[in-house]
Amino acid sequence: MPRFATRNLLFVLTVSLLLSACSRQGLYDTAIGLERSMSGLEADTLVVGELTIAYLRNEQPVDGETIVMIHGFGANKDNWTRLAKHLTGDFNVYAIDLPGHGDSSKPLDIGYHFDEQTNRLATILDELGLDRFHMMGNSMGGAITALYAANFPGQIRSATLFDPAGIWAYESDLSDQVMAGDNPLIPTKEGDFERLVDFALEKKPFVPWPVYSVMEEKAIANREVNTVIFSDIRDSTMASAFSERITEIQAPVLIVWGQEDRITDPRNSDIFVQQIPDARKVILEGVGHAPMIEVPEESARLFRQFLAESVKTR
């Protein structure tokens, strides 16, 4: 569906629901459901040990390969719907809510270092019966994707990293703010979520204002678990093992980075390319920390081109 049609549809939806005195939560649920449906996705859950894991998958499975999508810190599976819209016609998509995020369980005591999250993800994908797939990850999810490709080479056909975390040879605006005692990625009060979106995204998608307010409420409610996760991520990033580990990746890797990223500096892409044996990078002008949200059609095109040039010839 063209972008203007999506925008108009959401506008009509917003007005009609507001006129019918629908709650903000009802509007949020309807808008999220609409985004998923337009992308050919539906929600499901599974239980892994003591954890409930939420995820999105194709409404209609296709005779094609599988893509697993891993969101970033403080994000969730719905960060992938706009990209998935351009892929579900040919691929079976699984967008996972990692523990601590989205609609999955949020325990404080299970450990959220990159290696712990990577091993936990392997258990989740095994429960889903997935054994050979492409994997995409953004930010924290990009670091997890890279480690997954190194640790489980037999499962990964390709890896696509959108503005990945894990290497901080060049520090970002985020680093400066966190060092000053202010973390824009963890909303704690009204207005913080809008600040987060402005900080993370250069090209902000249209979202009806009541939907933003519910998203802010959810983010503020998650501040305790987000603080724990962010601390573990910092510990993981400070360790040198990450950059050494990704030298063992065997699959082809595409690195897509927004030039205007204020969270992970795009100059770190050169380190990823140096460390990963079969890697290539694309820097997108005018894009921030989440290309799959900001320029989903272009992100899908780059992925398809990457497969055509690298994976199919292997």
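All chains use their own residue numbering, which begins from 1 and follows the written sequence. Owing to the predicted nature of the model, reporting of local features is limited to residues with pLDDT of at least 70; listing and counting of side-chain atom pairs is limited to 80 or more, with chain, interface and lining totals taken over all residues. The basis for every side-chain value is the complete set of non-hydrogen atoms in the structure, without hydrogens or water.

A. Quick peek at the overall build of the chain. Scanning the chain from N- to C-terminus turns up 13 helices and eight strands. In this treatment the radius of gyration is a C-alpha quantity, and the globule benchmark scales as 2.2 Å times the residue count to the 0.38 power. In terms of overall dimensions, the chain is globule-like: its C-alpha atoms have a radius of gyration of 18 Å, near the 20 Å expected for 314 residues. In terms of principal-axis extent, the alpha carbons of the chain reach across some 55 × 50 × 45 Å. Only heavy atoms matter for contacts: two residues are in contact if any of them lie within 4.5 Å across the pair. In the chain, of all internal contacts separated by at least 6 residues, the share reaching a separation of at least 24 is 74%. Every accessible area reported is derived by Shrake-Rupley at a probe size of 1.4 Å, with residue values counting cover from the shown protein chains alone. Total accessible area computed for the chain in this model is approximately 13600 Å², and 50% of it derives from carbon and sulfur atoms. Across the chain, the mean location of the 28 positive side-chain charges is 4 Å away from that of the 45 negative side-chain charges. Here a strand is any run of E in DSSP of at least two residues, a helix any run of H or I of at least four, and the numbering for each starts at the N terminus. A residue counts as positive if it is Lys or Arg and as negative if it is Asp or Glu; His and the chain ends are not included. All charge positions are set by atom: Lys at NZ, Arg at CZ, Asp at CG, Glu at CD.

B. Representation of the packing of aromatic side chains in the model. What counts as a ring pair is set by centres within 6.5 Å for rings of Phe, Tyr and Trp (its six-membered ring), and what kind of pair is set by the plane angle: stacked under 30 degrees, edge-to-face over 60, tilted for all other angles. Applying the stated criterion to the full structure yields ten aromatic pairs. On the basis of an interplanar angle of 50° and a centroid distance of 6.1 Å, the ring pair of Phe 114 and Phe 242 is categorised as tilted. Remark: Phe 242 occurs in helix 10 (residues 241-245) and Phe 114 occurs in helix 4 (residues 114-127); sequence separation between them is 128 residues. When the ring of Tyr 148 is compared with that of Phe 152, the centres are 4.6 Å apart and the planes differ by 40°; the resulting orientation is tilted. Relative accessibility under 20% of the residue-type maximum defines a buried residue, over 50% an exposed one, and the middle range a partly exposed one, all with a 1.4 Å probe and only protein chains included. In this structure Tyr 148 comes out as buried when scored by relative accessible area, which is 0%. Relative accessible area serves as the criterion here: at 22%, Phe 152 is assigned to the partly exposed category. What links up through ring pairs into an aromatic cluster is the set Phe 114, Phe 242, Trp 257 and Phe 272.

C. Highlighting the side chain of Asp 261. In this structure, Asp 261 sits in the loop between strand 7 (253-258) and helix 11 (269-275). Basic side-chain nitrogens of Lys or Arg form a salt bridge, by our definition, when they fall within 4 Å of a carboxyl oxygen of Asp or Glu. Of the side chains bearing the opposite charge, Arg 262 lies closest to the buried Asp 261, which forms no salt bridge; the N-O distance is 7.0 Å. Among the polar contacts made by the side chain of Asp 261, one reaches the side chain of His 289 at a distance of 2.8 Å. When residues no more than four places from it in sequence are discounted, the contact partners of Asp 261 are Asp 163, Pro 266, Val 287, Gly 288 and His 289. In protein, a polar contact requires one atom able to donate a hydrogen and another able to accept it; more generally it is a pair of N or O atoms within 3.5 Å, and residues adjacent in sequence count only if both atoms are side-chain atoms.

D. Region of the structure containing the packing of helix 4 against helix 5 (residues 140-151). Interaxial angles span 0 to 180 degrees and are taken between N-to-C directions of axes, which are lines fitted to C-alpha atoms, for helices over the stretch in contact. At a closest axis distance of 9 Å, the pairing of helix 4 and helix 5 adopts a crossing angle of 70°. As the angle between them shows, helix 4 and helix 5 are arranged roughly perpendicular. In this structure, helix 4 crosses over helix 5, and the sense of that crossing is right-handed. Residues Phe 114, Asp 115, Gln 117, Thr 118, Leu 121, Ala 122 and Leu 125 of helix 4 form the contact with helix 5, whose own contacting residues are Met 140, Ala 143, Ile 144, Leu 147, Tyr 148 and Asn 151. Here the contact of helix 4 with helix 5 is composed, by residue class, of nine nonpolar, three polar and one charged. Note on angle classes: values under 35 degrees are labelled roughly parallel, values over 145 roughly antiparallel, values of 65 to 115 roughly perpendicular, and the remainder oblique. For any pair of crossing helices, the crossing counts as left-handed if the nearer helix is rotated counterclockwise from the farther one by less than a right angle, and right-handed if it is rotated clockwise. Residue type decides the class: Asp, Glu, Lys and Arg count as charged, Ala, Val, Leu, Ile, Met, Phe, Trp, Tyr, Cys and Pro as nonpolar, and the leftover types, Gly among them, as polar.

E. How the structure looks around the environment of Leu 46. Within the secondary structure, Leu 46 is located in strand 1 (residues 41-48). Classification of Leu 46 as buried rests on a relative accessible area of 12%. Taking C-alpha positions, Leu 46 is 24 Å from Met 215, a pair spaced 169 residues apart along the chain. Setting aside anything within four residues of it in sequence, one finds Leu 46 in contact with Leu 51, Thr 52, Ile 53, Tyr 55, Ile 124, Glu 127 and Leu 128.

F. The sheet that holds strand 7, seen in detail. Spatially, the eight strands line up as an open sheet ordered 1-2-4-3-5-6-7-8, and their pairing is mixed. Two strands lie at the open edges of the sheet, namely strand 1 and strand 8 (279-284), each paired on one side alone. Along the sheet, successive strands turn relative to each other by an average axial angle of 20°, direction set aside. The pairing criterion is simple: DSSP has to find at least two bridges between the two strands. In this sheet, strand 4 (residues 92-96) lies alongside strand 3 (residues 66-70) in parallel orientation, the contact comprising five bridges. Paired with Val 68 across the strands is Tyr 94, a residue of strand 4. In this fold helix 4 packs onto strand 1, strand 2 (51-58), strand 3, strand 4 and strand 5 (133-138), with an angle of close to 110° to the strand it touches most, strand 1.

G. Just the nonpolar core, in detail. Definition used in this section: a nonpolar core is a set of buried Ala, Val, Leu, Ile, Met, Phe, Trp, Tyr and Cys residues joined via side-chain atoms within 4.5 Å. Ranked by size, the top nonpolar core spans 87 residues in total, and within it Met 69, Ile 96 and Leu 125 carry the most contacts. With residues up to four places along the chain from it excluded, the contact list for Leu 125 reads Val 68, Ile 96, Leu 130, Phe 133, Met 135 and Tyr 148. Ranked by size, the runner-up nonpolar core spans seven residues in total, among them Leu 27, Ile 32, Val 207 and Val 211.

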